[in-house]
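Secondary and tertiary structure notes
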Amino acid sequence: MKPSMLSKLDQLSNRLEEVNNLLMQPDVTADLDNYRKLTREHAELNPLVALYGAYTQADNDVKTAQEMLSDPAMKEFAQEEISAAKARMEQLETDLQKMLLPKDPNDERNIFLEIRAGTGGDEAALFAGDLLRMYTRFAERNRWQVEMISESPSEVGGYKEVIVRIVGFGAYSRLKFESGGHRVQRVPTTETQGRIHTSACTVAIMPEADEVEDVNINPADLRIDTFRASGAGGQHINKTDSAVRLTHLPTGIVVECQDDRSQHKNKAQAMKVLAARIKDVQLREQQAKEAATRKSLIGSGDRSERIRTYNFPQGRMTDHRINLTLYKLDFIMDGDLEDLTNALASEHQAELLAALGESA
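Residues numbered from 1 in each chain as written. Predicted model: local features only at pLDDT ≥ 70, side-chain atom pairs only at ≥ 80, totals over all residues. Heavy atoms only, no water.

**Overview of the environment of glycine 335**
With respect to the helices and strands, the residue glycine 335 is situated in the loop between helix H7 (329-333) and helix H8 (338-359). Residue glycine 335 is classed as buried on the basis of its relative accessible area of 1%. Taking C-alpha positions, glycine 335 is 7.9 Å from alanine 139, a pair spaced 196 residues apart along the chain. Not counting the four nearest positions on each side in its chain, glycine 335 is found in contact with Met134, Arg137, Phe138 and Arg141. (Helix = DSSP H or I, 4+ residues; strand = E, 2+ residues; numbered from the N terminus. Buried < 20%, exposed > 50% of the residue type's maximum accessible area, 1.4 Å probe, protein only. Contact = heavy atoms within 4.5 Å.)

Laid out in structure tokens, this is it:
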């Protein structure tokens, strides 16, 4: 193990001792915020330090066994002990490296999922509807809630644009690599010659922002317009100006919400989406810098990048960033995204480990 990593683990072991001592103080609960911080820090450090303890024990086992090598009667046993302990150390070092990787503070958050039809006209709108169903089914498999925020339906079905909120622990960590261009190749139902058409949609995954902590929106920077909802809202929804359009003047970001009959609720929802979009811009800038440093494609946050192709005639899905092709398109479109999300997460973790190794 590298000296820099050993030094870091020693520091964390000492810090755990400090935290243990602080938690044993009789007046520790007098400041509840501080108490919560300490218990959270203890919960994070404890498994890491326990793993480091197992690594140190294995290292001691190697040293003890090496002392036995000079005894002919114990030599074979000692060599077996050394091999076993070194194998344990190798695995423990990998596990420790993973635990030392920087955690994404947004991983546990809910998300806003935004799908926009791109090139391909009606077929792109239909594909946007298919993608929404795919993510909705994935959410159902994880027992997450899906709430419609804003929709602009297409005349032939599907959506020109749709935004939903997905509520569930870890939603962002599982879906954060879905942002980018999604391309579909298939024969549209309106195609009489049986020709394959190519269409595209853009997907954006945005962690839900805590407006108070994460994004400071100055009311003076907002233009608020109200208008009558259009589309499939029914008769009574059109009698009042319940729909809300927010324009954030510094960034030019525009958010509309007309899903609820209440103007107040639509404004509250639009504010949440606006905060998420502003946070997303900041996040993408940060990711682009990190990606440039790591030469990484995963997590670069570039919406214009074509990340995936869904080929219906061949029943395959290809993720171009990690060169992964899966021949189970029907299952994927029905929300079976485990193989895909796990592969993307593993690749990202490998990138982070490589970066950790270079900087260590």
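**Remarks on the packing of helix H2 (residues 32-68) against helix H3 (residues 75-100)**
At a minimum axis distance of 8 Å, the contact between H2 and H3 shows a crossing angle of 160°. In terms of axis orientation, H2 runs roughly antiparallel to H3. Two packed elements cross with a definite hand, and for H2 against H3 that hand is left-handed. Partitioning the contact of H2 with H3 into residue classes produces 19 nonpolar, one polar and eight charged. (Axes fitted to C-alpha atoms, helices over the stretch in contact; angles between N-to-C directions. Parallel < 35°, antiparallel > 145°, perpendicular 65-115°, else oblique. Left-handed = near helix turned anticlockwise from the far one by under 90°. Nonpolar A, V, L, I, M, F, W, Y, C, P; charged D, E, K, R; others polar.)

**Quick word on the nonpolar core**
One recurring pattern in soluble globular proteins: nonpolar side chains tend to sit buried together. Grouped together as the largest cluster of nonpolar side chains are 35 residues, with contacts concentrated most on Leu113, Ile115, Leu131, Tyr135, Ile166 and Tyr310. Elements that contribute at least two residues to this core include exactly strand E1 (111-117), helix H4 (122-141), strand E3 (159-167), helix H5 (171-175), strand E5 (197-207), H7 and H8. If one sorts the elements of this core by residue count, H4 sits on top with eight residues. Residues Leu45, Tyr52, Ala65 and Met89 belong to the second largest nonpolar core, which totals 20 residues. (Core = buried A, V, L, I, M, F, W, Y, C linked by side-chain atoms within 4.5 Å.)

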